[in-house]
2 protein chains.
Amino acid sequence: MSTSIKQIMQEIGQRARVASRAMARASSEQKNQALIQIAKVIRESATEILQVNSLDVEQAKQNGQDAAFIDRLTMTSKSIESMALGLEQIVSLTDPIGQVSVPKKQASGIEISQMRVPLGVIGIIYESRPNVTIDAAALCLKSGNAVILRGGSEAIHSNTLLAKMIQTGLSAAGLPRDAVQVVQTVDRAAVGEMITMTEYIDVIVPRGGKSLIARLMAEARVPMIKHLDGICHTYIDADADLAMAVKVCDNAKTQRYAPCNAMETLLVNQRVASQVLPTLCKIYQDKGVELRVDTATRKTLETAGFRGLVDAQEEDWSTEYLAPILSIKTVDNLDEAINHIERYGSKHTDAIITKNQDHANRFLREVDSASVMVNASTRFADGFEYGLGAEIGISNDKLHARGPVGLEGLTSLKYIVMGHGEIRT
Amino acid sequence: MSTSIKQIMQEIGQRARVASRAMARASSEQKNQALIQIAKVIRESATEILQVNSLDVEQAKQNGQDAAFIDRLTMTSKSIESMALGLEQIVSLTDPIGQVSVPKKQASGIEISQMRVPLGVIGIIYESRPNVTIDAAALCLKSGNAVILRGGSEAIHSNTLLAKMIQTGLSAAGLPRDAVQVVQTVDRAAVGEMITMTEYIDVIVPRGGKSLIARLMAEARVPMIKHLDGICHTYIDADADLAMAVKVCDNAKTQRYAPCNAMETLLVNQRVASQVLPTLCKIYQDKGVELRVDTATRKTLETAGFRGLVDAQEEDWSTEYLAPILSIKTVDNLDEAINHIERYGSKHTDAIITKNQDHANRFLREVDSASVMVNASTRFADGFEYGLGAEIGISNDKLHARGPVGLEGLTSLKYIVMGHGEIRT
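Residues numbered from 1 in each chain as written. Chains lettered and ligands numbered in written order. Predicted model: local features only at pLDDT ≥ 70, side-chain atom pairs only at ≥ 80, totals over all residues. Heavy atoms only, no water.

### A short note on the overall build of chain A
Okay, so step 1: Counting its regular elements, chain A contains 14 helices and 16 strands.
Okay, so step 2: In terms of overall dimensions, chain A is globule-like: its C-alpha atoms have a radius of gyration of 24 Å, near the 22 Å expected for 425 residues.
Okay, so step 3: Summarising its shape, the C-alpha atoms of chain A cover approximately 70 × 70 × 40 Å along the three principal directions.
Okay, so step 4: Every one of the 425 residues in chain A was classed for burial, and the buried ones make up 59%.
Okay, so step 5: When contacts within chain A are restricted to residue pairs at least 6 apart in sequence, those whose partners lie at least 24 apart make up 72%.
Okay, so step 6: Total accessible area on chain A stands at roughly 16,400 Å², and carbon and sulfur atoms take up 49% of it. (Helix = DSSP H or I, 4+ residues; strand = E, 2+ residues; numbered from the N terminus. Rg over C-alpha atoms; globule rule 2.2 N^0.38 Å. Buried < 20%, exposed > 50% of the residue type's maximum accessible area, 1.4 Å probe, protein only. Contact = heavy atoms within 4.5 Å. Areas by Shrake-Rupley, 256 points an atom, 1.4 Å probe, with all protein chains shown as cover.)

Next up, the structure:
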């Protein structure tokens, strides 16, 4: 059984590798044509998609999956239209492939530039969200890559149908159907093959929860563009505009609780704690946010009449709640804030609220996170908000792409050397 | 024993991590001052260095190491001066750290830019070449990183002394001594720890032969900037300037045999094979280069009176000789050349000799190598020749740095978000 999964995956890998060469050569027009065709097919086949998706949903319900799971799995007329619009938006993005930097002439006479090229074959491993099939495939296609998609097994019927539609679009544009392949087997061993077949897959982009990422990190040999968690901090400096601090920190925590860029820990300078915390924490408590606080913060808040506070435990400082829970610590100064973030953070997104330019600069320079912000909500850490036009994922790693990853993160730069018969002496 | 090595390495890692934060904050002046001081100490201590190095050399001779090994290990007054000059050259390079791109204002009002920052802690694993201790440490320092150096055990006395001198220079500049640490234990388990301690080391740069790299690749969990081998091709197109082809192909193969950017396989278009191969192969044979040829090439050369040709076997096409041996294949056209490189190459450096702009463009776009060249010797694939000012290594991988890697390859970009109280809606 395991051997046969290996064979299946190797064949998928080989076909992807062959297709990736044609994709690397494809013109922007061809790639855009494919995306337009896919959008068209999806719109025309909405009824069929809903029918097939309902099979997956029915099965998942019988398997006892919870409401959130069913919600992610379920497609609607609206979500189908949203996929089609997403495809059309990717058409409008500039094609990064083939861009060449200004050549620099060297003493030897050779001229050096760099050309942006696709990575080759991308593997996407994701949970049971059929919309990822379209989103991820579209970004990989536009950036000239072939892609192998392995979605959650509960979405297999939906994903298989969507893959067929993508392949129809590829064919219509004269591109190889193998440029987008959906792994049909639901055997989990397929994932094990994907994350180790370095000869066929250049990078894996996992999309899913922390447990999925942690499992993949433990075994992957193929490089990944990923983040494990987002333990995002906001530090309210002594020199902060406190009204701004209240507005931004409210947004960072409560605008949505589940995203990885939501604030999990609030750090507040002791000199302004008693001025800002009561107003801010009133908002949190009114919205039902549980507050886990250190001793100093408890004192400040209890003096102001707050009740129902929870004592923060050591593990709270390194916990990504993704829920209406916030840990709060009062710190002496900027150094303590930076040290706390260094010790407990996850290098995702951290913000300072301050009017002090020196403090802002130190925070920007010294906090070693993918995104560092001054006077803005951590919720802005997002490919669309950063103007990338799209987002395949977010990386907390420092090599290659860091922070929100758009089309460029799926590309590489190769050196181009233009000579005139030069030899090395 | 193995536990104690683990402890030693963890402590080195922790100290490096702490030092890396100070290095990230260090000014260009401080870093340059450290480099200047190290150069000064090295020059002043040349006699001591030679004495200590002779202990290593003596021991290596007793251990029966071959002449090439002894040559790499042996330091001379000249090589010491060359190290000092290397340090001074790195002083003159622009400091990449802290550079910020032009901010782009988004619809929300936030301004997005990227800041160049150090990777953090670099691990260098290398063979018994003491000069690498200085070269690699200097590049890591200049790029604001801390570094853990693990050289070949036969160079341990030399490396330990050089590390002390580096630390003296760091102290003189007010930088932490732990920013450069040499692993003192000669136990090989130390390498096993380095390549798996992802919490303390951000990237490993291995410097050494293929067997070292292959061994590390099999077990590393820390990302590496590396190349396994350089199977470099030159393709002489039907539209080539044949005199140029002879000059460039001679240089690519024979200027030096051992570097990874030396040509290993010559591909020649069948329409010009009989015009160019006799002149070129005469040069090769005069220089003692063994020619391993396919049937068509043999026919061409034997018709021209050549003898002593070897039949190329299948494995020749994927062999990095690093020696006076060249494989030669006659191909029908550009497509066959590109396909051959795709199949047998190592994605290092490949060149085309042609006057045909379309063929040049196709070769540049379609050959998936770190460096692709037109009308130049593959021997140019080098950080200094590309104007990077330095080279920590060459990468054949597509993620992060690709091709010759200079200071920038030891850095990362983080996102900087400047807000004015913006919140996400």
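### A word on helix 9 (residues 210-219) of chain B
Residues and elements named next belong to chain B.
Okay, so step 1: Restricting attention to buried positions, one finds in helix 9 the residues L212, I213 and L216. Buried residues along helix 9 cover an arc of 95° about the axis, so they all sit on one side. Within helix 9, the exposed residues directed more than 90 degrees away from the buried face are S211 and A218. (Arc of directions from axis to C-beta.)

### Here we look at the interface of chain A and chain B
Okay, so step 1: Residue-level contacts link 74 residues of chain A with 74 residues of chain B.
Okay, so step 2: Among the residues of chain A in contact with chain B, R365, Y415 and R424 of chain A are the three that bury the most area, contributing 15% of the side total.
Okay, so step 3: At the junction of chain A and chain B, the tally comes to 10 salt bridges.
Okay, so step 4: One salt bridge connects R21 of chain B with E342 of chain A, and the closest N-O pair in it is separated by 3.8 Å.
Okay, so step 5: Linking chain A with chain B are 50 residue pairs in polar contact (both at pLDDT 80 or more), by the criterion used here. (Buried area = accessible area lost by both parts, 1.4 Å probe. Salt bridge = Lys/Arg side-chain N within 4 Å of Asp/Glu carboxyl O. Polar contact = N/O pair within 3.5 Å; in protein donor to acceptor, adjacent residues only side chain to side chain.)

### Some points on the UniProt feature "domain: Aldehyde dehydrogenase" (unreviewed entry) in chain A
Okay, so step 1: Under the feature "domain: Aldehyde dehydrogenase" (unreviewed entry), the UniProt entry names residues 11-284 and 311-381 of chain A.
Okay, so step 2: The distance from the first to the last C-alpha atom of residues 311-381 of chain A is 29 Å, and the span holds 30% helix and 27% strand. (UniProt positions renumbered as here; feature names shortened; annotations may be inferred.)

### So, the relation of the copies chain A and chain B
Okay, so step 1: Between chain A and chain B, the superposition needs a rotation of 180° and an axial shift of 0.0 Å, giving an RMSD of 0.0 Å. In short, the pair behaves as if placed about a two-fold rotation axis. Ranked by how close their C-alpha atoms come to the rotation axis, the residues of chain A are headed by H400 of chain A, at 1.9 Å. (Least-squares fit on C-alpha atoms with pLDDT ≥ 70 in both.)

### What to know about the pattern of salt bridges
Okay, so step 1: What the rule picks out here adds up to 58 salt bridges over all chains.
Okay, so step 2: Overlapping salt bridges, with partners in common, bring together R17 and D202 of chain A together with K347, D368, K398 and R402 of chain B in one network.

### Looking at the pairing of strand 12 (residues 349-353) of chain B
One face of the sheet, then the other: side chains in a regular strand alternate in exactly this way.
All names here are of chain B.
Okay, so step 1: In terms of residue burial, strand 12 counts as a mostly covered element, since 5 of its 5 residues are buried.
Okay, so step 2: Neither face of strand 12 is exposed, since T349, A351 and I353 on one face and D350 and I352 on the opposite face are all buried.
Okay, so step 3: Note that strand 12 and strand 13 (residues 371-376) share 4 bridges and pair parallel. Paired with I352 across the bridge in strand 13 is V374.
Okay, so step 4: Each parallel crossover has a hand, and for strand 12 linked through helix 14 (residues 357-366) to strand 13 it is right-handed. (Pairing = 2+ DSSP bridges. Right-handed = clockwise from strand over helix to strand, strands pointing away.)

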